[in-house]
Amino acid sequence: MGSNRIRRASAVALAAATAFAASACSSGGSGSGDAGGVVTISVNGLPPATQTVDRKNFEDDVKAFEASHPNIRIDAHEGLMDPKTFAAKLAGGQLEDVYYVYFTDPAGLIQRHQAADITPYLKDVPALADVKPALQDVFKGKDGKVYGLPTGNYSMGLVYNRELFTKAGLDPNKPPTTWDEVRTAAQKITALGDGTVGYADFSKNNQGGWHLTSWIYSLGGEVATRDDSGKWKAALDSDAAHRALQYLHDMRWTDDSMGSRQLLEIPDVQKMMGAGKLGMYLAGPDNIPTIVKQFERKYDEYGLAAMPGTATLGGGDGFMFNPKDTPAKIKAGLAWVQWKYLNPDRQDEIDRKSAGSDIPIGLPQPDLFDGRSGETVKAVHAKYANVPQQNYQPFTDRSADVRVKVEPPNAQQIYTVLDGVMQAVLTKQDANADELLKDAQKKVDTILATAQ
């Protein structure tokens with residue numbers, strides 16, 4: 001979701017996994033062809049000068065990495081991956097050796113041969129033994145080869161006001177796990193009166209389509225499917241989509257638990273939550289510190305549950321490699337990505353540096369890994385936690401039961417279409433769901449005709 005890519009900074013900054021073996025690191029400089037056997041790699045992700053703390057931390061990391069990897073030099077560039085300029089940069093020889101991507105990017109990049117195959121070098125990447133398989137799969141092609149590494153992830157859950165739950169007679173430690181339970185809880189919270197809204201949702205600036213996609217996923221449906229030939233088709237005229245719209249219609253018009261004010265987007269809903277007038281809304285864990293800081297609230301006031309249903313919309317980020325990279329540059333790039341972004345042995349240092357600041361330590365995501373690496377990072381987060389981790393236990397407890405699915409291709413264009421569906425259901429009591437979904441199906445099919 002474009003307007004929610006603020007997640008990328010926190011996801012990259014907090015990501016960690018298994019330490020890169022020293023032997024793999026030292027191999028980066030061999031056979032480079034650079035003067036003195038030193039490999040220089042260009043990477044992006046350098047924070048702009050206006051973000052003074054983040055930039056200094058990045059520059060300090062570069063110095064520390066180069067000190068421990070004398071055969072590798074980092075040429076850091078500002079900015080992240082921009083799909084609009086990517087092809088031109090690649091063609092013009094301006095693309096970095098190691099470049100940042102969102103989870104929605106790899107499939108197309110791999111299909112267009114715009115990323116290097118790093119499979120031959122993964123034997124030197126023991127970190128992958130602990131990285132969650134589903135995240136690794138994002139960077140695999142249909143040929144089974146690997147073209148990148150994940151460094152951050154998020155998934156949608158249910159942010160809720162624990163104080164309102166208590167006032168409404170609900171158990172804040174047992175939030176809803178189904179949409180029927182969400183509907184019931186929303187009614188009870190709305191009954192508190194004084195302008196309190198039980199549940200709110202987005203419906204404009206592509207955020208409505210983004211959330212409707214989450215709803216459909218949670219109810220077992222798809223927004224788009226791909227056949228064996230690789231062709232994408234819309235999948236909106238489905239039972240899951242109809243059920244999602246029915247829930248929204250009933251909460252809005254039958255229960256009146258979504259309030260009369262509609263056409264909302266992220267700032268509107270966060271303001272409602274920050275004012276103590278909203279019970280629940282769909283969001284990732286990063287929304288909680290935003291509300292706490294912006295509206296001077298306390299972390300204890302908020303909880304996080306997993307997405308109701310069986311699946312949720314998620315995403316994340318990682319790094320891929322320029323298809324023109326030499327083997328030496330790929331090895332050096334792997335060493336850098338793991339040392340900076342996938343290194344649980346540095347987690348204590350990172351958390352200790354952040355302790356005492358307003359940087360939240362102990363949120364349930366990013367959550368990249370299983371095994372020993374996962375246990376290591378969780379233990380460090382618990383040691384330095386400055387947020388009430390027990391409030392997020394409902395999210396953590398159900399995470400294994402809720403499948404995380406990425407955005408559909410051409411997501412932003414699709415979300416524009418689905419915005420209209422959300423707006424109609426939430427502003428017109430007699431909106432015809434059948435007609436809305438059939439019309440959306442046709443429009444999305446047209447959009448997907450250009451997907452690769």
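As the structure is a prediction and not an experimental result, all values here were calculated from the model.

### Points about the pairing of strand β3 (residues 98-102)
Residues in a regular strand point their side chains to alternate faces of the sheet. Most of β3 is tucked away: 5 of the 5 residues are buried. Alternating positions in β3 separate into two faces, Val98, Tyr100 and Tyr102 on one and Tyr99 and Val101 on the other, with burial throughout.

### As for the nonpolar core
The biggest cluster of nonpolar side chains holds 80 residues, and the ones touching the most others in it are Trp179, Tyr199, Leu212, Trp215, Leu248, Met280 and Tyr281. Looking at this core, the element that brings in the most residues is helix α17 (residues 411-427), giving 10 residues. Those residues in contact with Leu212 that lie beyond four places of it in its chain are Ala244, Leu245, Leu248, Leu418, Val421 and Met422. Residues Val62, Tyr99, Tyr100 and Tyr121 belong to the second largest nonpolar core, which totals 52 residues.

### Brief notes about the side chain of Arg162
Inspection of the secondary structure puts Arg162 in helix α7 (residues 162-167). In this structure, Arg162 is buried with no salt-bridge partner, the nearest side chain bearing the opposite charge being Asp171 at 6.5 Å.

### Focus on the sheet that holds strand β6 (residues 197-199)
Strand order in the open sheet made by the 4 strands is β6-β9-β5-β10, with mixed pairing throughout. Of all strands in the sheet, those with a lone pairing partner are β6 and β10 (302-306), marking the two edges. Going from strand to strand, the sheet's axes swing by 25 degrees on average, the running direction of each strand aside. One ladder, built from 2 bridges, connects β6 with strand β9 (residues 278-283); its direction is parallel. Its bridge partner being in β9, Val197 is matched across the sheet by Leu278. Contacting β5 (157-161), β6 and β9, helix α8 (residues 179-190) runs over the sheet at an angle of about 175 degrees to β6. On top of the sheet, helix α12 (residues 287-294) reaches β5, β9 and β10; it is set at about 165 degrees to β10, its chief contact.

Basis of the calculations
Residues numbered from 1 in each chain as written. Predicted model: local features only at pLDDT ≥ 70, side-chain atom pairs only at ≥ 80, totals over all residues. Heavy atoms only, no water. Buried < 20%, exposed > 50% of the residue type's maximum accessible area, 1.4 Å probe, protein only. Helix = DSSP H or I, 4+ residues; strand = E, 2+ residues; numbered from the N terminus. Core = buried A, V, L, I, M, F, W, Y, C linked by side-chain atoms within 4.5 Å. Contact = heavy atoms within 4.5 Å. Lys, Arg positive; Asp, Glu negative; His and termini not counted. Salt bridge = Lys/Arg side-chain N within 4 Å of Asp/Glu carboxyl O. Pairing = 2+ DSSP bridges. Axes fitted to C-alpha atoms, helices over the stretch in contact; angles between N-to-C directions.

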